[in-house]
Amino acid sequence: MFKRGDIVWGKIKTYPWWPAIVLNPKDCGRDKVGRNKFWIFWFGDHKITQRL
């Protein structure tokens with residue numbers, strides 16, 4: 001499973017695959033996530049989303 005600081009490639013609907021970094025919920029002011037989910041910070045647009 002991924003851990004804080006890992007660089008990952010993710011995909012959202014019609015967008016191409018894009019690099020992001022895995023965040024600790026405390027680092028981004030978000031709630032904890034469920035099992036096998038994590039928060040990621042997308043490079044380029046600087047959005048934070050929850051992913052599987």
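In this text the structure is predicted, and so the values were computed from the model without any measurement.

Here we look at the UniProt feature "domain: PWWP" (unreviewed entry) in the chain
As recorded in UniProt, the feature "domain: PWWP" (unreviewed entry) lies at residues 4–52. Within residues 4–52, the helical portion is 8% and the strand portion 39%, while the C-alpha atoms at the span's ends are 14 Å from each other.

Observations regarding the nonpolar core
Core analysis: the largest hydrophobic core is formed by six residues, namely V8, A20, V22, F38, I40 and W42. Mapped onto this core, the elements with two or more residues apiece are strand 2 (18–23) and strand 3 (38–42). The contact partners of V22, leaving out residues within four places of it in the chain, are F2, K3, R4, G5, D6, V8, F38, W39 and I40.

Notes on the pairing of strand 2
As judged from the four bridges shared by strand 1 (residues 7–10) and strand 2, these two strands associate in the antiparallel manner. Across the sheet, W9 pairs through a bridge with P19, a residue of strand 2. As paired strands, strand 2 and strand 3 are joined by four bridges and run antiparallel to one another. Residue pairing for strand 3: I21 is matched across the bridge by F41.

Here's the deal with the layout of surface pockets
Within this model, the largest pocket holds a volume of roughly 240 Å³. Every residue along the wall of the largest pocket is listed here: G10, K11, I12, Y15, P16, W18, W42, F43, G44, D45, K47 and T49.

Observations regarding the sheet that holds strand 3
Hydrogen bonds between backbone groups are what pair the strands of a sheet, and the pairing can be parallel or antiparallel. Pairing in this open sheet of four strands is antiparallel, and the strands run 1-2-3-4 from one edge to the other. Both outer strands of the open sheet, strand 1 and strand 4 (48–51), are each paired with one neighbouring strand and no more. On average, each strand axis in the sheet is inclined to that of its neighbour by 45 degrees, with strand direction left out of account.

Rules and cut-offs
- Residues numbered from 1 in each chain as written.
- Predicted model: local features only at pLDDT ≥ 70, side-chain atom pairs only at ≥ 80, totals over all residues.
- Heavy atoms only, no water.
- UniProt positions renumbered as here; feature names shortened; annotations may be inferred.
- Helix = DSSP H or I, 4+ residues; strand = E, 2+ residues; numbered from the N terminus.
- Core = buried A, V, L, I, M, F, W, Y, C linked by side-chain atoms within 4.5 Å.
- Buried < 20%, exposed > 50% of the residue type's maximum accessible area, 1.4 Å probe, protein only.
- Contact = heavy atoms within 4.5 Å.
- Pairing = 2+ DSSP bridges.
- 1 Å grid on protein atoms, 1.4 Å probe; cavity = no way out; pocket = protein on both sides within 12 Å on 5 of 7 lines; lining within 4 Å.
- Points joined across faces, edges and corners; volume = space filled by probe spheres on them.
- Axes fitted to C-alpha atoms, helices over the stretch in contact; angles between N-to-C directions.

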